[in-house]
Amino acid sequence: MNYLKLLPLILLLCSCSDSDDGSFDNFTADYEVYFHLDVVDEQGNSLLDSNNPDNILEQGVTMTYNGVEYPLVSEEEAMRGDKIHCPYPQSRLMIPFIYGIYYDTERDKMYVGDFWAGTSIKEEFTISWGDGTPDDKFEFRSDLFRPKNKKPYYKLTVWMNGKKSRFDSTIAEFKIVRSVK
């Protein structure tokens, strides 16, 4: 009798196939958009390297998103539970969290995100450099495309200070050249 209770599970597991017929009707648009920023001086030296005397790590860099200001912090600090903010109740499977703006000292990179990709999302954030120079404004749009009989994919369009860039994923990578005083 106990075997009969397992029969639906066994049938379900055996009915799955490794073949890809190209149909993705159950694809869920729960992906994150995030930004990888390489911040350098005119000579190409990383301004996120703590060994660089001109680094910006203690300069008061902030990112503002939806009226909330996030200070530049280390990756370890950004990933602490008390620092995470989730403004996306509409996401179903995977909930992207706003970690704010943080840096990775091993890679000398700055990251901003994660934003919900959704099916067609338009967002913006601003980075203030803390040194009196003009802020950098990022506006972006994430679009999900679902071609018939093909895998769905995202296109990310980003306007940094009005200059348009396109990405074939939900990751935007920029090199930002800053003048050192």
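All values derive from a computational prediction rather than experimental measurement.

### Here's the deal with the pairing of strand S9 (residues 153-160)
Phase 1 of the analysis: For S9, a buried count of six out of eight residues is recorded, marking the element as mostly surrounded by other parts of the structure.
Phase 2 of the analysis: Sheet topology note: the strand S8 (residues 136-145)/S9 ladder contains eight bridges and is antiparallel. Opposite Asp143, over in S9, you have Lys155 as the bridge partner.
Phase 3 of the analysis: In this structure, S9 lies alongside strand S10 (residues 163-167), joined through five bridges in antiparallel fashion. Within S10, the position partnered with Leu156 by the bridge is Phe167.
Phase 4 of the analysis: In this structure, the hairpin formed by S9 and S10 is closed by a connection of two residues, where Asn161 is found at a positive phi of approximately 55 degrees.

### Quick word on the sheet that holds S8
Phase 1 of the analysis: A sheet is described by the order of its strands in space; here six strands give the open sequence S3-S2-S7-S8-S9-S10, paired in antiparallel fashion. Looking along the sheet, the strands with just one partner apiece sit at the ends: strand S3 (68-71) and S10. Adjacent strand axes in the sheet meet at a mean angle of 25 degrees, parallel and antiparallel pairs treated alike.
Phase 2 of the analysis: Two strands pair when backbone bridges link them, and strand S2 (residues 62-65) and strand S7 (residues 120-128) are joined in this way by three bridges, in the antiparallel orientation. Paired with Met63 across the two strands is Ile127, which belongs to S7.

### A few points about the packing of aromatic side chains
Phase 1 of the analysis: Going through the model one piece at a time under the given rule, you end up with nine aromatic pairs.
Phase 2 of the analysis: When the ring of Phe35 is compared with that of Phe125, the centres are 4.9 Å apart and the planes differ by 75 degrees; the resulting orientation is edge-to-face. Linking Phe35 in strand S1 (residues 32-40) with Phe125 in strand S7, this pair joins segments that are 90 residues apart in sequence. For the pair shown, Phe35 and Phe125 are each scored as buried.
Phase 3 of the analysis: Cluster of aromatic residues (ring-pair linked, three or more members): Phe35, Phe125, Phe138, Phe140, Phe167 and Phe174.

Reading guide: rules and limits
Residues numbered from 1 in each chain as written. Predicted model: local features only at pLDDT ≥ 70, side-chain atom pairs only at ≥ 80, totals over all residues. Heavy atoms only, no water. Buried < 20%, exposed > 50% of the residue type's maximum accessible area, 1.4 Å probe, protein only. Helix = DSSP H or I, 4+ residues; strand = E, 2+ residues; numbered from the N terminus. Pairing = 2+ DSSP bridges. Axes fitted to C-alpha atoms, helices over the stretch in contact; angles between N-to-C directions. Phe/Tyr/Trp six-rings, centres within 6.5 Å; stacked < 30°, edge-to-face > 60°.

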